[in-house]
Amino acid sequence: MEFLSVVALSKNFGGLRALHELNLVVREGDVFGIIGPNGSGKTTFFNLVTGMFPATSGDIRFRGEPTNLARLPSHEIAARGISRTFQNQRLFDRMTVLENVLVGMHTRLRSGLLSAALRLPRTRREEQAAKQRALDLLGFFGDRLRPRAEHPAASLSYANRRRLEIARALALQPKLLLLDEPAAGMNPTESRQLMEDVRRIRDGGVTVLLIEHDLSIVAGICDRVAVLDHGEKITEGAFEQVRGEPRVIEAYLGRSARRGGKARERGGGLEAGGGDARTR
Amino acid sequence: MLSGFTESLLIFIGLNIILGLSVYPTFSTGQISLGQAGFMAIGAYSSSILSTRLGVPFALALAAGGAAAALVGALIGIPAVRVRGIYLLIVTIAFNEIVRVFFLNFKPTGAATGLWGMRQSTNLAWVYGLVVLLILFFYNVQRSRLGRAFEAIRQNEVAVGMMGVNIARAKLMVFALGAAIAGLGGGLFAHYTLFIESELFGFPMSAEMIVYVVLGGMDTFWGPIVGAILLTILPEWLRLLHDWRMTFFGLLMIIFMIVRPRGLVGRETVSQLSAFVVQRLPWQRSPRSSTIS
């Protein structure tokens, strides 16, 4: 049984081919990296997996179920145990930090309109338990978020907003977590912490799909990576293995760079240690 | 006892609170319905027919009016919640007009001559009883799983779907809920004024309900309550301005919109006020009780 299998997945926006015939298999328990230059279709892929829009064609199967996720609305996909963070942060800014996490628990709580309105004992107990669990989740990031539980989400620092997005996504108790550039805008120390956090999430039994531009992070935590360019997968494998491939270097640095052979002369492909592939 | 004038003013304040609250459920998901007077009409007419022609007890007639409005709300909600913003405004305005013209021409409910013969069953107890129930309802729902989902839809519809919230269903729920409250308000209204005609339930009535929310505050359900109280009393106080009354009124609205664009009562107003009250209670409660408003 394949954990996540993507077959011939395509998405067109009018005449633009954002994603073309993508095939991918993700094993359970991996941290799987999706890398590639800007506009290569990474986020489009995430949006298809989470149902932000329907696919033009192709299949996404999750945990051997016959349902094609590419045809489902996003809330049904979430209920199956897939959650995500967003590249351009989508927190509920005017809600508190704690409430943001509680919204993430929506599918795991039961109370409806009537039981909520009457505040039945059952509802009260559920709320109590949910709040405790939300606080525990905030505690996942030490005392970065927990002391700020009652503050509005908008008041958080940039890195803490990213952390809150992860905590909110974990509240859904996902089997698969999609992180869209979680380290963007973080300083090196924060990035290192983040890598540690992602490992802990994986060790907790959550498979992680990761879009990241910071190649040192990709090198550090990804078991496998797929490289996208212009909406197509150009290669796949362990990062150390794909980073030297000519097509990958070309995708990142352009054709002339490859012809000049500079990248390879420097000792093999993309510089993982140098940090950001965008600052080429 | 209260003078007739005071009592009638209090009743209208209460009715307007109910009508203002009928807008709030839809508003709490970030959408505006400008057709609430249509639901009010359905509640008013159906409860009046039941109480006058069929001799149904007032409480039952009132509940049936609310249920009828909720049913119609759910039916038109199914297509309506699929559109947003300005498009939903247009759909709901159109709905309001359909209802108004229907009652203008529908012979069994009096058509253009209107409907009368109701007994004055609505009194302060009924009106404020419902107001209290609604406050409890909104207070409890606001801090529940669904209340948080509504608020999250208002703040970021894209993210909330991926958190597992069925947005279409939530929107349908609030739409039908708002319709039910407007229907109840309509039933109370009809059994107080004792005469209803289709013209009462046109666009101006719907617009007035929106103003309660916009001026009173759109972030919590206390907003429309404060808005309804102010906007019912204010015109009475402004009577001394004679013909300039509505001009002054309009000016006031503009100033409010500039100074407090999210309305008078915000989330922070409620939490600050409740913290203020809790601190001064004779028995000291734990400080946590004031944190989540």
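A quick note: this is a predicted structure, and the numbers were derived from the prediction, not measured.

Novice: Help me understand the sheet that holds strand E7 (residues 207-211) of chain A in this model?
Specialist: Across a sheet, paired strands are connected by hydrogen bonds in the backbone, their directions being either parallel or antiparallel. Residues and elements named next belong to chain A. Sheet architecture is open: 6 strands sit in the order E5-E6-E7-E3-E8-E9, paired in mixed fashion. On the outer flanks of this sheet lie strand E5 (82-84) and strand E9 (232-237), each paired with one strand and no other. Across the sheet, the mean angle from the axis of one strand to that of its neighbour is 20 degrees, orientation sign disregarded. Relative to E9, strand E8 (residues 224-229) is paired through 5 bridges, and the arrangement is antiparallel.

Novice: Mind showing me how you'd approach the interface of chain B and chain A here?
Specialist: By a widely used convention, the size of an interface equals the accessible area lost when the partners come together. Taken together, the contact pairs 29 residues of chain B with 37 residues of chain A. Between chain B and chain A, a total of about 3,200 Å² is buried, with carbon and sulfur atoms accounting for 61% of that surface. Of all residues in chain B, Arg145, Met162 and Met163 of chain B bury the most surface against chain A, accounting for 27% of the area lost on that side. For the interface between chain B and chain A, the tally reads 3 salt bridges. Residues Glu127 of chain A and Arg148 of chain B are paired through a salt bridge, measuring 3.0 Å at the closest nitrogen-oxygen approach. Where chain B touches chain A, the interface holds 11 residue pairs in polar contact (both at pLDDT 80 or more). Those elements that place two or more of their residues in the side of chain B that touches chain A are helix H5 (124-142), helix H6 (145-155), helix H7 (157-162) and helix H8 (167-193) of chain B. The element contributing the most residues to the side of chain B that touches chain A is H6 of chain B, with 7 residues. For the side of chain B that touches chain A, the per-class residue count stands at 14 nonpolar, 8 polar and 7 charged.

Novice: Is there a simple way to think about unusual backbone geometry in this case?
Specialist: In terms of backbone geometry, most residues other than glycine have negative phi values and most peptide bonds are trans. Residues and elements named next belong to chain A. Even without being a glycine, Arg63 presents a positive backbone phi close to 50 degrees. Its location among the elements puts Arg63 in the loop between strand E4 (57-62) and helix H2 (74-79). A positive phi angle, near 55 degrees, is found at Gln173, a position not held by glycine. Classification of Gln173 by relative accessible area gives partly exposed; the value is 42%.

Novice: What is the right way to read the confidence of the model for chain B from this model?
Specialist: Low-pLDDT stretches of the model should not have their predicted coordinates read in fine detail. Residue and element names in this part refer to chain B. Looking at chain B, pLDDT values average 91 and 96% of them are 70 or higher. In the model, residues 289-293 has pLDDT below 50 throughout and makes 13 contacts with residues more than four positions away in sequence or in other chains. The ipTM value of the predicted complex is 0.88, and its pTM value is 0.89.

Basis of the calculations
Residues numbered from 1 in each chain as written. Chains lettered and ligands numbered in written order. Predicted model: local features only at pLDDT ≥ 70, side-chain atom pairs only at ≥ 80, totals over all residues. Heavy atoms only, no water. Pairing = 2+ DSSP bridges. Helix = DSSP H or I, 4+ residues; strand = E, 2+ residues; numbered from the N terminus. Axes fitted to C-alpha atoms, helices over the stretch in contact; angles between N-to-C directions. Contact = heavy atoms within 4.5 Å. Buried area = accessible area lost by both parts, 1.4 Å probe. Salt bridge = Lys/Arg side-chain N within 4 Å of Asp/Glu carboxyl O. Polar contact = N/O pair within 3.5 Å; in protein donor to acceptor, adjacent residues only side chain to side chain. Nonpolar A, V, L, I, M, F, W, Y, C, P; charged D, E, K, R; others polar. Buried < 20%, exposed > 50% of the residue type's maximum accessible area, 1.4 Å probe, protein only. pLDDT = per-residue confidence, 0-100.

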